[in-house]
Amino acid sequence: MDVAKVRFGLISFFALGALASCAETQDRATTVFPKTSPACSSSAVANQYVVHWKDGTTVVYKGSTREELLKTVVEPNVEKIDFAEQDQRISVPKQPALVTTSAVPTGADWGQQIVNAQAAWDQGYKGQGVIVAVIDSGVQRDHTQLASQMFINVGETGTDSQGRNKSSNGIDDDQNGYVDDVSGYDFAKNSGTVVDGTGHGTHVSGIIAADSTKGSIKGLAQAAKILPLDFMDDDGSGNISDAIRAMYYAAQMGAKVVNASWGGAPCSQNLQNAITDLGQMGVVFVNAAGNSGLSLDDYPEYPAAYGLPLQITVAASTARDYMSVYSNYSYTKANLTAPGDSIVSTYPGNTTRSLNGTSMATPFVAGAAAILKGARPNATPSDIKNALLNSVDSAPVQVSARGRLDVAKALEEILKLPQ
Ligand SMILES: [Ca+2]
Ligand SMILES: [Ca+2]
């Protein structure tokens, strides 16, 4: 009788314990993989989920429901998962029109002039040794003014043991997890062939690093290299999961600056985490404020409105240093302005074109960040952000620094750091 009681007691104890741990697992699983909120559903990708694992990998799961993924992947691995969420669709900001009463910029290179880039170049600082990842629509890699500026992954160059070109042999020769990634990667198509489907990424890249000895565009950081990472389809939109994968790839390949001239993601914890992770890995993340002409405090768009310590959010200003009417703004979430109106830069077909937007302002700051990093390779993302924000030219603009990028003064700030 006593023995039976004891047995019964033990069985009950174990059964309750098992139930409790099962409930705990389910609770934890729901914490790392919450349901998509109604506000985030409109831009969500159906039956597609992005899981960031604690080992640093980002995996996209397609074709299963949330319940299925929860039972088969998240609950069994709950201790190994950082965060899981539904994938989202994001896009390059629509190209805004200029208001006719805006001051008309003088000269195609008014942007380079107003930010005092020449003074930095004259001192020999042009972003030497710095890789800038352009996470965008791709790049025309053989554009006359960009061909010499592309980052080359030497592990995918030369010939393999069978005499085939490593850049196109279908083999991941340098074993970095990506096949034939000789000069950038297309994360939307999972291919080492990068082309520009919209022209946006080529324009952005020219502002950062166009070789002025080969044409009319004067890139800010002509000694830097561009790592072209495509995550967009030809309509200019892409999955946030592919942008996140591109971000970690950029860090893996040694990029120290990331240019993100896109936004509109309403909600992604993984994107927010990735920006912080990159900052901690020494990568400066520069993103566009967006072109809705609205307050980021009242109408948040992400990544612009995260307000993270290690991100730099760039708004656009005119040739007279007023806020561009289309630019989003915030005294806390937007950090500084840069030229955004009538910016002439490289465009597919070996051409040039004038475009407007915070997408164009962002690469001015990314180029400046590359110049600072080249001048002081030991500078942290925080050092670079502080130097850029503490050296602006004062202007009546609604951003935290209360002013517009000044490359020469930012360089002066960073040079105060020991070599
Ligand atoms: Ca590879
Ligand atoms: Ca290969």
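Residues numbered from 1 in each chain as written. Chains lettered and ligands numbered in written order. Predicted model: local features only at pLDDT ≥ 70, side-chain atom pairs only at ≥ 80, totals over all residues.

**Brief notes about the overall build of the protein chain**
Along the protein chain, the regular secondary structure elements total 11 helices and 15 strands. Its C-alpha atoms give the protein chain principal-axis dimensions of roughly 95 × 60 × 45 Å. Looking at the 419 residues of the protein chain, the share that counts as buried comes to 51%. Taking the intrachain contacts of the protein chain between residues at least 6 apart in sequence as the baseline, contacts between residues at least 24 apart amount to 74%. (Helix = DSSP H or I, 4+ residues; strand = E, 2+ residues; numbered from the N terminus. Buried ≥ 20, exposed ≤ 12 C-beta atoms within 10 Å, placed from the backbone. Contact = placed C-beta atoms within 7 Å.)

**A closer look at the environment of Gln26**
In this structure, Gln26 sits in helix 1 (residues 2-32). Overall, Gln26 belongs to the partly exposed group, with 15 C-beta atoms counted inside 10 Å. Considering only alpha carbons, one finds Gln26 and Gly177, 151 residues apart in sequence, at a separation of 32 Å.

**Side note on the packing of helix 6 (residues 200-209) against helix 9 (residues 358-375)**
Contact geometry of helix 6 with helix 9 gives a least axis separation of 8 Å together with a crossing angle of 35°. Relative to helix 9, helix 6 is oriented so that their crossing is right-handed. Contact residues: helix 6 offers His200, Val204, Ile207, Ile208 and Ala209, while helix 9 offers Ser359, Met360, Pro363, Phe364, Ala366, Gly367 and Ala370. Considering only residue class, the contact of helix 6 with helix 9 consists of 9 nonpolar, 3 polar and no charged. (Axes fitted to C-alpha atoms, helices over the stretch in contact; angles between N-to-C directions. Left-handed = near helix turned anticlockwise from the far one by under 90°. Nonpolar A, V, L, I, M, F, W, Y, C, P; charged D, E, K, R; others polar.)

**Let's talk about the sheet that holds strand 2 (residues 58-62)**
An order of 2-1-3-7 is seen for the 4 strands of this open sheet, with the pairing classed as antiparallel. In this open sheet, the two strands that pair with only one neighbour each are strand 2 and strand 7 (237-239). Along the sheet, successive strands turn relative to each other by an average axial angle of 30°, direction set aside. Note that strand 3 (residues 81-91) and strand 7 share 3 bridges and pair antiparallel. Within strand 7, the position partnered with Ser91 by the bridge is Ser237. (Pairing = 2+ DSSP bridges.)

**Observations regarding unusual backbone geometry**
Across the chain, the bulk of peptide bonds are trans and the bulk of non-glycine residues have phi less than zero. A cis amide bond links Tyr302 with the next residue in sequence, Pro303, at an omega value of 10°. Structurally, Pro303 is set in the loop between strand 9 (284-288) and strand 10 (311-317). The phi angle at Asn116 is positive, at roughly 60°, despite the residue not being glycine. As for its position among the elements, Asn116 is in the loop between helix 4 (110-114) and helix 5 (117-122). A positive phi angle is found at Asp180, which is not glycine, with a value near 60°. Tracing the backbone shows Asp180 in the loop between strand 4 (131-136) and strand 5 (185-186).

**Side note on the nonpolar core**
Among the nonpolar cores identified, the biggest contains 112 residues, and Val132, Ile208, Ala250, Val258 and Val365 are the most heavily contacted of them. Among the elements that make up this core, the one with the highest residue count is helix 9 (11 residues). When residues of this core are assigned to domains, at least three map to each of domain 1 (33-88) and domain 2 (110-414). Excluding residues within four positions of it along the chain, Val258 makes contact with Ala133, Ile135, Met247, Ala250, Leu278, Val283, Phe285 and Val286. (Core = buried A, V, L, I, M, F, W, Y, C linked by C-beta atoms within 7 Å. Domains from an automatic or database assignment.)

**Focus: helix 7 (residues 240-252)**
In this model, helix 7 (13 residues) spans 18 Å end to end at C-alpha, consistent with the 18 Å of a helix rising 1.5 Å per residue. Within helix 7, 11 of the 13 residues are buried, leaving the element largely enclosed by the surrounding structure. Within helix 7, the full set of buried residues consists of Ile240, Ser241, Asp242, Ala243, Ile244, Arg245, Ala246, Met247, Tyr249, Ala250 and Ala251. Among the residues trailing helix 7, Gly254 stands out with phi positive, at a value near 95°. (Expected span 1.5 Å × (residues − 1).)

**Focus: the domain arrangement of the protein chain**
You can read the domains of the protein chain as domain 1 (33-88) and domain 2 (110-414). Each side of the interface is counted separately: domain 1 has 15 residues, and domain 2 has 13 residues. Mapped by element, the contributors of at least two residues to the side of domain 1 that touches domain 2 are helix 2 (38-41), strand 1 (44-53), strand 2 and strand 3. Among the elements that make up the side of domain 1 that touches domain 2, the one with the highest residue count is strand 3 (5 residues).

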